Amino acid sequence: MATKVTTPGKKSLETTAEISKAIKAYYGGVKVAKEEGKPIIWSYGLTPREIFHALDAHVIYLEHLPLMVGAKQLSGHYIQVAEEEGFSRDVCAFHRCFLGCAVASERDPYLDQFFVDPDIIIATNLPCMSESKSFLYAADYHNVPYYFIDAPINTWGQDIPDYAIEYYTGQLKGALDFMSEHGLGTVDWDKLKEAVSLSKKLILLWNEIDKCRQAVPTPMGTVDGLTAAYPLIQLPGTQLGVTLFERLLKELKGKVERGEGIIDDEKLRLLWFGVPPFYNMGLLNYVEKYGAVVVKSMIEYIAGGAYDPSIMNPDKPLESLAYKALVDIVNPTSENMVNFIRRTVKDFHIDGVVGVVKRSCGLLPGYMRPVKDAVYEDSGVPTTIFDLDGLDIREYDDATSKANLDSFIEALLASKRR
Amino acid sequence: MITAGIDIGSLTGKAVILKDNEILAWNLIPTGPDSSETAQEVTDMTLKGAGLSLDDMDYIVSTGYGRVVVPFSDKNITEITCHAKGAHWFFPGVRMILDMGGQDCKAIRCNATGKVTNFAMNDKCAAGAGRSMEIMADLLETPLEKMGKLSLDIKERLAPLSSTCVVFARTEVLGHLHEGAHKNDVLAGACEALAERVKSLLKRVGIEADFVISGGIAKNIGVVKRIEEKMGLKANICFEPQIVGALGAAVFAREILEKKGKRKKR
């Protein structure tokens, strides 16, 4: 497959580099665990990861792995492998990429460093049903046991009713029993409580990190933010996640005190809504030539970075995790997502929202219009919306993407001058 | 004060020379494989028409997809901003512009001063753009400039075409022709599909009554009439809708110069 010319994102922070190393170390650990005969789980980034950490389980996450493959410009290849296997182009690009990695007869050296076949699959429908279907296929393909955690769709906003919490708690208990039956041991409840406590610490730190990022000029943009969000995705419930965020916070506080931004003359602050092009993160730096910074992106919160940490009660670990999962902004309730974006636009002093539509997503494109309207109504901040598949490099059109960004920024700058 | 606007689009290169606020000369040529050469060629032709040389230009603004490769440009500005400015120059009351270019299509909203307040571009597919009409003209062996008129002279009934993909539309055209459909009816289907597609784009930015169509497809009466019918609006179209972006660039050049107060040395 011909490779398109893309530019990697330019990161600014030392701790982000450390987090990148932690990601590599994590996956290296998964590979070693497999070699030692320990069971490997495939799961999804919105399954409460704390339960896996409490079991000392080794997990590969369906959505995180494609991001890493995408960042190496390899996603197009594995997506094509899945299509050759018979998956339609309408199936989510993340799932096609993961399935392509799963069924590829040959894997490139990068993927081969950390990709291992599963022993158990723990699927869920949060946030989208197609994930369970993709994992069903993978379970058949690898002939491994499959468990499905059913999450109620959030139609309640922030106030999740007790019966929904009870139901999802039951689902988590079922998953723990299932994993025990398949060689992962019995859950150590003290360890799970400790994981919930660390998870709470993690989100409190993330909130402080966010406060630093709200500073003008911002000490950290989305190019760093997407790597920095890794502990939210994979390390909630671990001391390592907390330690990394403590370091990040310290670094950011120093930058804020010194008034250091990621660019010299910050004129515009943008929010990225939708999946950024992981194969071409340089596009987010591209806007810097206009004095614009992509300060924040919705995707950084996708694995639970947007909830009130007071809901985390270590004495009720499963209930806390149930609440955290169900209230997540991507559990399909437009109210939580729209309100979250409204708040972000205000808190981060955003001048414009860049909304990108990944056509193979059944969830996020539907939010574009309500978010655009709500943000404009609330803050008078405009949104531009255009097609951009953040994972399928074959779909990427650099000229059109830049034409949209150029025109949008030109209009924003003109309206600032008025 | 003499300024120039150069618009290097995907299918045509355009140049406009303004003296103060009056158009001195303009030209358009097909974009060749080398955008810089196209820019040079269309500028030379236009300068010659005005009896001027590049040294006489006080300020030059380039626009269009090839704007960054115009070697003698003093500044480049995106085509969306320039189309709004150009449309506002021709029709000062304009609030909504539909620019139907060669490879893309843009709906633009602007304010009373011609500044962009909202815009939407078609996606990567060329189905809403001039290239789709060229493909149809070629397939139906009809001169591009006659397509619109013929499409209004329906012989039996409009032959419906997919509005989503030019490649599939080609197959559909062949199917209609094999079934004996009259060429005019197929042309009507092609114009209808395009009009339907741009209607959605306009609705995305919000409909305004003071409406301008620019770009090459504005010359296709079959598309324009159908858009007008669908929108219930009368479109304003200037004498040469393909130069609106270049004109906007020339107007920007003048405004920049007025602010700076001195001409650019060449």
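A brief report on the enclosed structure follows. (Residues numbered from 1 in each chain as written. Chains lettered and ligands numbered in written order. Predicted model: local features only at pLDDT ≥ 70, side-chain atom pairs only at ≥ 80, totals over all residues. Heavy atoms only, no water.)

Another aspect to go through is the side chain of B:Ser62. Residue and element names in this part refer to chain B. Mapped onto the elements, Ser 62 comes out in strand β4 (residues 59–63). Using a relative accessible area of 0% as the deciding quantity, one classes Ser 62 as buried. Separated by 2.9 Å, the side chain of Ser 62 and the backbone oxygen of Arg 67 make a polar contact. Beyond its immediate sequence surroundings of up to four residues, Ser 62 is in contact with Ile 6, Arg 67, Val 70, Ser 73, Lys 75, Asn 76 and Ile 77. (Helix = DSSP H or I, 4+ residues; strand = E, 2+ residues; numbered from the N terminus. Buried < 20%, exposed > 50% of the residue type's maximum accessible area, 1.4 Å probe, protein only. Polar contact = N/O pair within 3.5 Å; in protein donor to acceptor, adjacent residues only side chain to side chain. Contact = heavy atoms within 4.5 Å.)

Side chains that are nonpolar tend, in soluble globular proteins, to be buried together. If you look at the biggest cluster of nonpolar residues, it comprises 180 residues, and the most contacted ones within it are A:Trp42 and A:Ile341. Formed by 36 residues, the second largest nonpolar core is a distinct cluster that contains B:Met136, B:Ala137, B:Ile213 and B:Met231. (Core = buried A, V, L, I, M, F, W, Y, C linked by side-chain atoms within 4.5 Å.)

Residue and element names in this part refer to chain A. Packing of helix α4 (residues 75–84) against helix α5 (residues 93–103) leaves a shortest axis separation of 7 Å and a crossing angle of 80 degrees. Accordingly, the angle class assigned to the pair α4 and α5 is roughly perpendicular. Together, Ser 75, Tyr 78, Ile 79, Val 81, Ala 82 and Glu 83 of α4 and Ala 93, Arg 96, Cys 97, Leu 99, Gly 100, Cys 101 and Val 103 of α5 make up the contact between the two elements. The residue inventory of the contact of α4 with α5, partitioned by class, reads nine nonpolar, two polar and two charged. (Axes fitted to C-alpha atoms, helices over the stretch in contact; angles between N-to-C directions. Parallel < 35°, antiparallel > 145°, perpendicular 65-115°, else oblique. Nonpolar A, V, L, I, M, F, W, Y, C, P; charged D, E, K, R; others polar.)

Residue and element names in this part refer to chain A. Residue Val 216 is joined to Pro 217 through a cis peptide bond whose omega torsion reads 0 degrees. As for its position among the elements, Pro 217 is in the loop between α9 (189–213) and α10 (222–228). Despite not being glycine, Asp 56 shows a phi value in the positive range, around 55 degrees. With respect to the element layout, Asp 56 can be found in the loop between α2 (49–54) and β2 (58–61). Non-glycine residue Asn 143 carries a positive phi angle of around 55 degrees. Structurally, the position occupied by Asn 143 is in the loop between α7 (130–142) and β4 (146–149). Assessed through its relative accessible area of 70%, Asn 143 is described here as exposed.

What follows deals with empty space enclosed by the protein. All names here are of chain A. As enumerated under the stated definition, the model contains three cavities of 30 Å³ or more in all. Considered as a void within the structure, the second largest cavity measures approximately 50 Å³ in volume. Along the wall of the second largest cavity there are 10 residues; nearest its centre are Leu 46, Pro 48, Arg 49, Lys 324 and Ala 325. At the level of secondary structure, the elements contributing two or more residues to the lining of the second largest cavity comprise α2 and α14 (317–326). The greatest single-element share of the lining of the second largest cavity, amounting to three residues, is contributed by α14. Of the residues in the lining of the second largest cavity, the class split is five nonpolar, one polar and four charged. (1 Å grid on protein atoms, 1.4 Å probe; cavity = no way out; pocket = protein on both sides within 12 Å on 5 of 7 lines; lining within 4 Å. Points joined across faces, edges and corners; volume = space filled by probe spheres on them.)

With that out of the way, let us pick up the interface of chain B and chain A. With 15 residues of chain B at the interface, the matching set in chain A holds 20 residues. Carbon and sulfur atoms make up 48% of the surface buried where chain B meets chain A, a total of about 1500 Å² over both sides. At the boundary of chain B and chain A, one finds one salt bridge. A:Asp406 is the salt-bridge partner of B:Arg67, the closest N and O atoms lying 2.6 Å from each other. For the pair chain B and chain A, the number of links is five residue pairs in polar contact (both at pLDDT 80 or more). Of all the secondary structure elements, the ones that give two or more residues to the side of chain B that touches chain A are α2 (79–90) and β8 (116–121) of chain B. Looking at the side of chain B that touches chain A, the element that brings in the most residues is β8(B), giving four residues. Residues that form the side of chain B that touches chain A fall into these classes: six nonpolar, four polar and five charged. (Buried area = accessible area lost by both parts, 1.4 Å probe. Salt bridge = Lys/Arg side-chain N within 4 Å of Asp/Glu carboxyl O.)

It is worth spelling out the packing of aromatic side chains at this point. Going through the model one piece at a time under the given rule, you end up with 21 aromatic pairs over all chains. When the ring of A:Trp42 is compared with that of A:Phe98, the centres are 4.8 Å apart and the planes differ by 85 degrees; the resulting orientation is edge-to-face. Within this pair, whereas A:Trp42 is found in strand β1 (residues 40–43), its partner A:Phe98 is found in helix α5, the two being separated by 56 residues in sequence. You can call A:Trp42 buried: its relative accessible area is 0%. Grouping aromatic residues by their ring pairs yields a cluster made of B:Trp26, B:Trp89, B:Phe90, B:Phe91 and B:Phe239. Over the ring of B:Phe252 we find B:Lys85, and its NZ or CZ is 4.9 Å from the ring centre. (Phe/Tyr/Trp six-rings, centres within 6.5 Å; stacked < 30°, edge-to-face > 60°. Lys NZ or Arg CZ within 6 Å of the ring centre and 35° of its normal.)

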